[in-house]
Amino acid sequence: MGSKFVIADPGLCIGCQTCMAGCLLKHSVPGDVAKPRLNLITTLTISAPIVCHHCADAPCVASCPEGALYFDGDRVAVKQERCIGCRSCVLACPYGAVEVVSQEGAAKLGGLTVESAPKASLVKCDLCYDRAGGPACVEACPTGGLMVVDEEELADRQRKRRMKAAVASGAFSSVPLNTDLN
Amino acid sequence: MEKHMAVCPYCGAGCKLNLIVDDGMVIGAEGLDGVTNEGELCLKGLSGFDFINDTKILTPRILHPMIRREKGGELERVTWDEALDFTAKKLTAIKEKYGPDAIMLTGSSRGPGNEANYVMQKFTRACVGTNNIDNCARTCHGPSVIGLMDTVGSGAMSVSIPNMENADLIMLFGYNPSASHPIVARRIVKAKEKGAKIIVVDPRSIETARIADLYIQIKNGCNLAFMNAFANVIVSENLHDKAFIDAHTNGFDEWWETIKNYTPESVADICGCDPDDIRKAARMYATAPNSIIGWGMGVTQQRQGVKTVHTIAAIACISNQIGRDNAGLAPVRGQNNVQGSCDMGMWPSLLPGYQKVENPEARAKFEKAWGLPEGKLPANPGFKLTDLPHGVKEGKIKAFYNFGEDPLQTEPDSADMKETLENLELLISQDIFMTQTTALADVVFPGTSWGEHDGVFSASDRTFQRFTAAVPPKGECKHDWQIFSELSTRMGYPMHYENTKEIWDEMRSLCPSFYGATYEKMDGVGHAQWPIPTLDCPGTPTLYKDGQFNTADKKAILMAHDFVEPTEMPDDAYPLVLCTVREVGHYSCRSMTGNCKVLSMLADEPGYVHINPADAAARTIKDEDLVWVSSRRGKVITRACLDERINKGAVYMTYQWWIGKCNDLTMHVTDPLSGTPEDKYSACEVHCIDDQVWAERHMQSLYTTLKDRLVAEAAPQNVAPASEAQ
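Everything numeric in this text was worked out from a predicted model, so none of it was measured.

Our next topic: the overall build of chain B. Each helix and strand counted, chain B has 24 helices and 30 strands in total. Over its C-alpha atoms chain B spans a radius of gyration of 25 Å, differing by no more than 12% from the 27 Å that the globule rule assigns to 726 residues. Counting only C-alpha atoms, chain B reaches 80 × 65 × 55 Å along its principal axes. Taken over 726 residues, chain B has a buried fraction of 61%. Restricting to contacts in chain B with at least 6 residues of sequence separation, those with at least 24 account for 75%.

What follows covers the overall build of chain A. Broken down by element type, chain A carries five helices and eight strands. Secondary structure elements of chain A, listed N to C terminal, follow the sequence β-α-β-β-α-β-β-α-β-β-α-β-α. Compactness check: chain A gives a C-alpha radius of gyration of 21 Å against a globular reference of 16 Å for 182 residues, more than 25% above the reference. Counting only C-alpha atoms, chain A reaches 85 × 35 × 35 Å along its principal axes. Relative to its 182 residues, chain A shows a buried fraction of 33%. Across chain A, contacts joining residues at least 24 apart in sequence account for 61% of those joining residues at least 6 apart.

Before going further, it helps to examine the pairing of strand 24 (residues 608-611) of chain B. Residues and elements named next belong to chain B. A two-sided burial pattern is seen for strand 24, the buried positions comprising Tyr-608 and His-610 on one face and Val-609 and Ile-611 on the other. Taken together, the four bridges between strand 24 and strand 26 (residues 635-642) define a ladder with parallel strand orientation. Bridge pairing in strand 26 places Val-609 opposite Ala-640.

Residues and elements named next belong to chain B. Turning to helix 20 (residues 500-510), its buried residues number three or more, namely Thr-500, Ile-503, Trp-504, Met-507, Arg-508 and Leu-510. Looking down the long axis of helix 20, one finds its buried residues gathered within 155° of arc, a one-sided arrangement. Away from its buried face by more than 90 degrees, helix 20 exposes Asp-505 and Ser-509. Taken together, the buried residues of helix 20 touch helix 3 (114-128), helix 15 (360-369), strand 19 (455-458) and helix 19 (480-490).

Moving on to the domain arrangement of chain B. All names here are of chain B. Each assigned domain of chain B is listed here: domain 1 (79-138 + 336-539), domain 2 (142-332 + 553-557) and domain 3 (576-689). Each of domain 1 and domain 2 was reduced to a C-alpha centroid, and the two centroids are 33 Å apart. Taken together, the contacts link eight residues of domain 1 with eight residues of domain 2. A breakdown of the residues in the side of domain 1 that touches domain 2 according to their chemical character gives two nonpolar, three polar and three charged.

Each partner contributes to the interface: chain A provides 20 residues, whereas chain B provides 24 residues. Here the side of chain A that touches chain B is composed, by residue class, of eleven nonpolar, nine polar and no charged.

This next bit is on helix 7 (residues 223-236) of chain B. Residue and element names in this part refer to chain B. For helix 7, built from 14 residues, the straight-helix expectation of 20 Å at 1.5 Å per residue is met to within 8% by its first-to-last C-alpha distance of 20 Å. When you tally the buried positions in helix 7, you get 13 out of 14 residues, the bulk of the element. Looking one or two residues beyond helix 7, the residue adopting positive phi is Asn-238, at roughly 60°.

In this section: the environment of Pro-112 of chain B. Residue and element names in this part refer to chain B. Structurally, Pro-112 is set in the loop between strand 6 (103-106) and helix 3. When the 30 C-beta atoms within 10 Å are taken as the criterion, Pro-112 is described as buried. Along the backbone, Pro-112 and Ile-211 are 99 residues apart, and their C-alpha atoms lie at a distance of 37 Å.

All right, on to the nonpolar core then. Across soluble globular proteins, nonpolar side chains show a tendency to be buried alongside one another. Membership of the largest hydrophobic core comes to 266 residues, with the highest contact counts inside it found for Cys-137 of chain A together with Ile-170, Phe-226, Phe-230, Ala-313, Leu-578 and Val-651 of chain B. Top contributing element to this core by residue count: helix 7 of chain B, with ten residues.

Residues and elements named next belong to chain B. In spatial order, the strands read 23-27-24-26-25-30; together these six strands close into a barrel with mixed pairing. Geometrically, the sheet is characterised by an average inter-axis angle of 45° between neighbouring strands, direction not taken into account. Each of strand 25 (626-630) and strand 26 touches helix 23 (residues 692-714); the most contacted strand, strand 25, lies at about 70° to it.

Residue and element names in this part refer to chain B. Following both chains from N to C, one finds helix 3 and helix 20 inclined at 65°, their axes separated by 9 Å at the closest point. For helix 3 against helix 20, the interelement crossing comes out left-handed. Within the contact between the two elements, helix 3 uses Glu-115, Tyr-118 and Val-119 and helix 20 uses Thr-500, Ile-503, Trp-504 and Met-507. Looking at side-chain class alone, the contact of helix 3 with helix 20 contains five nonpolar, one polar and one charged residues.

In this section: the sheet that holds strand 1 (residues 2-7) of chain B. All names here are of chain B. Spatially, three strands are ordered 1-2-3 in an open sheet, and the strand pairing comes out antiparallel. Looking at which strands have only one partner, the edges of the open sheet turn out to be strand 1 and strand 3 (25-31). Adjacent strand axes in the sheet meet at a mean angle of 30° when their direction is disregarded. Across six bridges, strand 2 (residues 16-22) lies against strand 3 in antiparallel orientation. Looking across to strand 3, one finds that Ile-20 is bridged to Gly-28.

Another point: the environment of Ala-617 of chain B. Take Ala-617 of chain B: it is sitting in helix 22 (residues 613-617). Separated by 25 residues in sequence, Ala-617 of chain B and Leu-642 of chain B have C-alpha atoms that sit 9.2 Å apart.

On average, residues of chain B carry a pLDDT of 97, and 100% of them reach 70 or more. Here the complex is predicted with pTM 0.94, and the ipTM for its interfaces comes to 0.94.

Time to look at the environment of Ala-441 of chain B. When you line up the elements, Ala-441 of chain B lands in the loop between strand 17 (426-431) and strand 18 (443-446). For Ala-441 of chain B, the contacting residues outside a window of four places in its chain are Leu-427, Ile-428 and Ser-429 of chain B.

Attention now goes to the packing of helix 3 of chain B against helix 19 of chain B. Residue and element names in this part refer to chain B. Closest axis-to-axis distance for the helix 3/helix 19 pair is 8 Å, and the angle between their directions is 15°. It follows that helix 3 is roughly parallel to helix 19 by the angle criterion. Here helix 3 runs over helix 19; the crossing is left-handed. Of the residues in helix 19, those in contact with Glu-115, Ala-116, Val-119, Met-120, Phe-123 and Cys-127 of helix 3 are Asp-480, Trp-481, Phe-484, Ser-485, Leu-487 and Ser-488. Classifying every residue of the contact of helix 3 with helix 19 gives eight nonpolar, two polar and two charged.

Residues and elements named next belong to chain A. Pairing analysis gives four bridges linking strand 4 (residues 69-72) to strand 5 (residues 75-78), with the strands arranged antiparallel. Note that in strand 5 the partner of Tyr-70 across the bridge is Ala-77. Joining the antiparallel neighbours strand 4 and strand 5 is a turn of two residues, in which Gly-73 adopts a positive phi near 60°.

Procedures and definitions
Residues numbered from 1 in each chain as written. Chains lettered and ligands numbered in written order. Predicted model: local features only at pLDDT ≥ 70, side-chain atom pairs only at ≥ 80, totals over all residues. Helix = DSSP H or I, 4+ residues; strand = E, 2+ residues; numbered from the N terminus. Rg over C-alpha atoms; globule rule 2.2 N^0.38 Å. Buried ≥ 20, exposed ≤ 12 C-beta atoms within 10 Å, placed from the backbone. Contact = placed C-beta atoms within 7 Å. Pairing = 2+ DSSP bridges. Arc of directions from axis to C-beta. Domains from an automatic or database assignment. Nonpolar A, V, L, I, M, F, W, Y, C, P; charged D, E, K, R; others polar. Expected span 1.5 Å × (residues − 1). Core = buried A, V, L, I, M, F, W, Y, C linked by C-beta atoms within 7 Å. Axes fitted to C-alpha atoms, helices over the stretch in contact; angles between N-to-C directions. Left-handed = near helix turned anticlockwise from the far one by under 90°. pLDDT = per-residue confidence, 0-100. Parallel < 35°, antiparallel > 145°, perpendicular 65-115°, else oblique.

Okay, here's the thing in structure tokens:
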């Protein structure tokens, strides 16, 4: 079950695409697909890269008839060789964070190399699982606007919000509270 | 794997980084804890390194000297000796026939560094004997340099980049740091996090508008009217600092005679904003404990650029928002070393260190140091870069020595510029890439690239920082300062330097405000911020402390001017305003970043014209459609981006694209006080293209043809000269 993902703070985002460059630097190597896994989206009030949430009940995983998408510990991972390019995952993902690209690959026919047989590749965030130091995008962001959210971070945010709500509940106490304690 | 310390060669933020080298190839970059970047890099710093390796993604590097023996002939690879002899002979002949002022040179505000520029201006003044030397500041922050020297005495930022984050209020006026200087935008975000108020005044709803406390959307081309009204409010509401004005400024009464007429209501139509918003902004600015005004090309690339800078400086002075660490003026420079080019005297009226060519004592000092007879240095200011087109047309300029710039891409009205360059008797281009300009050159000198040489850059906030070579020079590339020295020697003024430190030490011995900036102080991530007059001085992050301005009597001069509307107003034929802006992932003419794998994957031809969805709908243009943009100068194909951040009636194109080239459309009209082109305002129209399949093919074919042409132009360098082949 996925439980970790990258989020962007739209207030800290300056729309500079450094996260996308960091992602591309990580992935533009032989054997990988050179496409940024995050996409900067801008509206009048928001700038933020949108990226896979590694959903706990991921619709992309459910949508794949071939098992090319699967849960690998904290993340939704890809078995590239199983991808048939049907794009069901693209249709299913509510974040628009999965892409299927067609790459020209050299196919083998017996001992002969046959040129450019197109091969579908599934492109989505892999949380830089094989990179020391974690996701390249988080490290690259010059304003510290990206972070990895994990169970601990979620629990911490929940604790803080519950605490805030508890403090605010003093306002509707049916008996007056001792404010001298503050 | 090795690491070599450098300073990013892109914008003026001055980010320190390590270049990572493996097997002679630059394979990565990582941020270093420099004073301005604190370890952070933007996308260009992080992924803009591989052009050094000659990727040939956009255009090949130049690795061997080439000449064109006859005008219009083919380029031919020759030995360095032959290339230098040929050039020396041609330049000498032009000098003898037409005089030294027929030769014009431009410095490079990009990778070469301060030392190379210093040697070039020395060659220009001491050997050629002219002040016809300029740099690309002319087309960008020239009005800031001139306007600030006129009023407060120094043509630079008065605050430092790190101190921006501690201001109580930052007002951005015609400046989009998120695209121009992400690492400065980071300081603005930090300021906001620390509680600063942010005001954005811009026709576009730029990134920073999203976190602004007050965003005022103004009409394009209204700057001086807006700022006059802003000043008017400060005085009308008694928010000015009378004691400071009396003690530290001159000319207030006369200044007010003009400003008093500019009530917010009187400019509401011109500015297209609510007069009360002008009042609100002025009150916020004047009453905050420490306010900074940042501005960029939105102010300077206008008809009244210098005059607007005069008014901005006056506003800071009358409000006493200047001369403190977190209060002052922030014209953040565009290119990595455009501050340095100005520092080094790549300016037709200034010797290195801002010493005026008209000052006989300054000339005498340089003559003595440079071993010249008394009276040898030219005393008259030379031509400006933007004088080149008419200078050539009028027969005054016969030779142009282009150092690391691509005027055919970056100057307005490219068709006119092409004619200018073709009509020269001699065009020399010293560059690292086969650019569109270099393709026209009669002499092509291959300089070493950033990453292949040492030197010092000046960051936008007057911070000198050293950078070092990471890999050896490729092919026959020579250090720029060596090329100038060898050419100068052949032309009768011998110059010889062993290394950049020797050049730097000569320079600082002649420039009192730079004297304390030794190489030792700039070791590693060290820096030296001018003025730094003595070896003991730690540098000066803040100018004009205690109201001491760099004018003759230490007082600021208040200057006011009446507003005049832009030159080419929209009309029925060309109903939209065209404003040229910057691409965040590309730099200058794009010869460097366009050859970087990641940066070219993130953004490639033909770029975009950003248009308000309503203006697009009226022309049946959809998002991502290819469209024609036309003006009285030309017509280009580009892609539409329907963008609600864009004000109605205006469109925006970034100037980095060689196919979607906005400078085919812009107009060669300049601010008469600075010679800076009015790139932010011309009239255009955008047309839909019905056959999008044809349009895609056409665009691709234009791009492929251009790339093939540049490869073909560079190809002669692969054929060794006969003398070497034997």
